[in-house]
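# Reading the structure
This is what each chain is made of:
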Amino acid sequence: MLQQDHEILTKPIIEIKKLHKSFGSNNHVLKGITLQVKAGENLIMLGKSGSGKSIIIKCLVGLLAADKGSLKVFDTDITKLDCTQLNILRLRMGFLFQNSALYDSMTVRQNLEFPLKRHSAELTDAEVEKEVEEVLKSVGLIEAIDKMPSELSGGMRKRVGLARTLILKPEIIFYDEPTTGLDPITSREISKLILSIQKKNNTTSMIITHDMACAKLTGDRIVILRDGVIYLEGTYRELENSKDEWVHSFFE
Amino acid sequence: MTSYLKDVFTNTGNVSLFTASFFKSVLKQPFELKEFANQCYLLGYKALPLVGITGFIMGLVLTLQSRPTMVKFGAEAWLPGMVALSLIKEVAPIITALICAGKISSGIGAELGSMKVTEQIDAMEVSAINPFKYLVETRVLATTLMVPLLVVFADCIGILGGYIGMNIHSDVNLFRYLSQILESLTFLDIMPATIKTFFFGFLIGLIGCYKGFTASNGTASVGKAANSAVVAASLSIFIVDMMAVQLTDILYK
Ligand SMILES: Nc1ncnc2c1ncn2[C@@H]1O[C@H](COP(=O)(O)OP(=O)(O)OP(=O)(O)O)[C@@H](O)[C@H]1O
Ligand SMILES: [Mg+2]
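Let us look at the structure shown here.

### Let's talk about the site of ligand 1
Residues and elements named next belong to chain A. In the neighbourhood of ligand 1, 15 residues make up the surrounding shell, with Ser49, Gly50, Lys53, Ser54 and Gln98 lying closest. Measuring from an oxygen atom of ligand 1, one finds a side-chain N or O atom of Lys53 at 2.8 Å. Across the complex, the protein chains shield 64% of the 640 Å² of accessible surface that ligand 1 would expose by itself. Using a 2 Å cut-off from the grid points, one finds that ligand 1 occupies the largest pocket. At the level of elements, strand E2 (27-38) and helix H2 (53-60) are the ones that each hand at least two residues to the shell around ligand 1. Tallying contributions element by element places H2 first for the shell around ligand 1, with 3 residues. Looking at the shell around ligand 1, its residues break down into 3 nonpolar, 9 polar and 3 charged.

Below, the structure written as structure tokens:
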């Protein structure tokens, strides 16, 4: 039993090999990213603004096409899938957008119902309602359920976005700066929430963040992006004590 | 100059591809019936007052302006028929289509453009919902259905406006007015005019969606999408109208 658990934990669920991506002829953003994420792991990705962190996870869900390289998720190379096959995989992945990307013609409730009703047609209205309320409670926003996104603050929008990502119970979650723009207390709550989701559903996460408190709390492993490649990787401890000036500056 | 030509050609190519993917996926499951009905209501309802007012004014003005000429030739009895004919065949379709280009096409362009810029379309895509089916198809189908209905509405209101125009100078019985109109209308007058309005509706929806859906990132592109949707839609309406008129001219010789 223990051995089995161990095996699941060490098997890579995301495998990126030599990923290249450029925009136009003179903006070569990713220059050969190679990276593995094990099942059940929380991977933190650091890097300067504009270094291409968001691009990597957008390639992983097929929002952007990779120029070169292979991207394996759940042991399937997603660059070779057609639309239908990709959508089946996408149902098992969640994506929290950097700017929340809430549907602003819908209320918070409708935002959360929208993916749920489409993909779980067997649920009754009462069950849908219960799920929506439950997930909103978990991000602490139940009182905003009938508001429009335009009536919410940036932090509240982020939490609704998180709720919308969680509602389909994905096995892999990509968080694009989940705590940026939040106060320290809410940030801490979100970080704890990420941690508890990982524990409860054994989800795998890739978390892009500039918030070192979040990285410290949630991360099992950290990778740092620089000049289009993975510059360094290690645990929080290891990187914190790194001799490298540049790496060290992240931890100040 | 060459870069301008290149732009024109790439644009034409992209619009063709966009149209092709519309027809390819429109017959495939799942059908977004609820959203389609919702869009029909929203788009049709939004343009209704404006279309009504302009239709009324067109009927009234056409009657008042043609009246002196008709009276001079002693053909006053033909006035209702003539006004109704020009309303149904040309004025109501083109005016309604232009209003819808300004109101609906730009609205769709701005809405989808801002959804694109704020990554809402991407969000739909990653939650395995086909944004093309959900956003584009429903809107294009809705305008294809609603613009002809709005034209019929404009026809009716325009004829009513004409009746009031008649009554400014003389006292005409409504039934007599209507029967004069029905006498002068034939099926061949109405049919081509109705068919072309479906094309107008299709273009209005398609161009709005295309401009919004392909907006580049950045908020400035939202305004650009709305603006260029109106220009492109209006121009293509005139072109299609011209082709439709020439075609019917050949067919009914
Ligand atoms: N759609 C696009 N078209 C052209 N260039 C793009 C596009 N999207 C991103 N880029 C370029 O890719 C680079 C990386 O962008 P990305 O959004 O991944 O940065 P990031 O690491 O997430 O930064 P941040 O921390 O600020 O979010 C940027 O320099 C940007 O200019
Ligand atoms: Mg980013």
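### Here we look at unusual backbone geometry
Residue and element names in this part refer to chain A. Of note in this structure, Phe74 is not a glycine but carries a positive phi near 50 degrees. Structurally, Phe74 can be placed in the loop between strand E4 (68-73) and strand E5 (76-77). Although it is not a glycine, Glu177 sits at a positive phi angle of roughly 50 degrees. In this structure, Glu177 sits in the loop between strand E7 (172-176) and helix H7 (184-201).

### Thoughts on the interface of chain B and chain A
At the interface, 13 residues of chain B touch 19 residues of chain A. By the criterion of area lost to chain A, the three top residues of chain B are Glu119(B), Gln120(B) and Val126(B), representing 36% of everything that side buries. If you look at where chain B meets chain A, you find 3 salt bridges. In this structure, the salt-bridge partner of Glu119(B) is Lys58(A), at a minimum N-O distance of 2.7 Å. Our enumeration of links across chain B and chain A arrives at 6 residue pairs in polar contact (both at pLDDT 80 or more). The element that contributes the greatest number of residues to the side of chain B that touches chain A is helix H4 (residues 120-126) of chain B, accounting for 6 residues. Across the side of chain B that touches chain A, the residue classes break down as 6 nonpolar, 3 polar and 4 charged.

Parameters at a glance
Residues numbered from 1 in each chain as written. Chains lettered and ligands numbered in written order. Predicted model: local features only at pLDDT ≥ 70, side-chain atom pairs only at ≥ 80, totals over all residues. Heavy atoms only, no water. Near = heavy atom within 4 Å. Polar contact = N/O pair within 3.5 Å; in protein donor to acceptor, adjacent residues only side chain to side chain. Areas by Shrake-Rupley, 256 points an atom, 1.4 Å probe, with all protein chains shown as cover. 1 Å grid on protein atoms, 1.4 Å probe; cavity = no way out; pocket = protein on both sides within 12 Å on 5 of 7 lines; lining within 4 Å. Sits in = over half its atoms within 2 Å of the grid points. Helix = DSSP H or I, 4+ residues; strand = E, 2+ residues; numbered from the N terminus. Nonpolar A, V, L, I, M, F, W, Y, C, P; charged D, E, K, R; others polar. Contact = heavy atoms within 4.5 Å. Buried area = accessible area lost by both parts, 1.4 Å probe. Salt bridge = Lys/Arg side-chain N within 4 Å of Asp/Glu carboxyl O.

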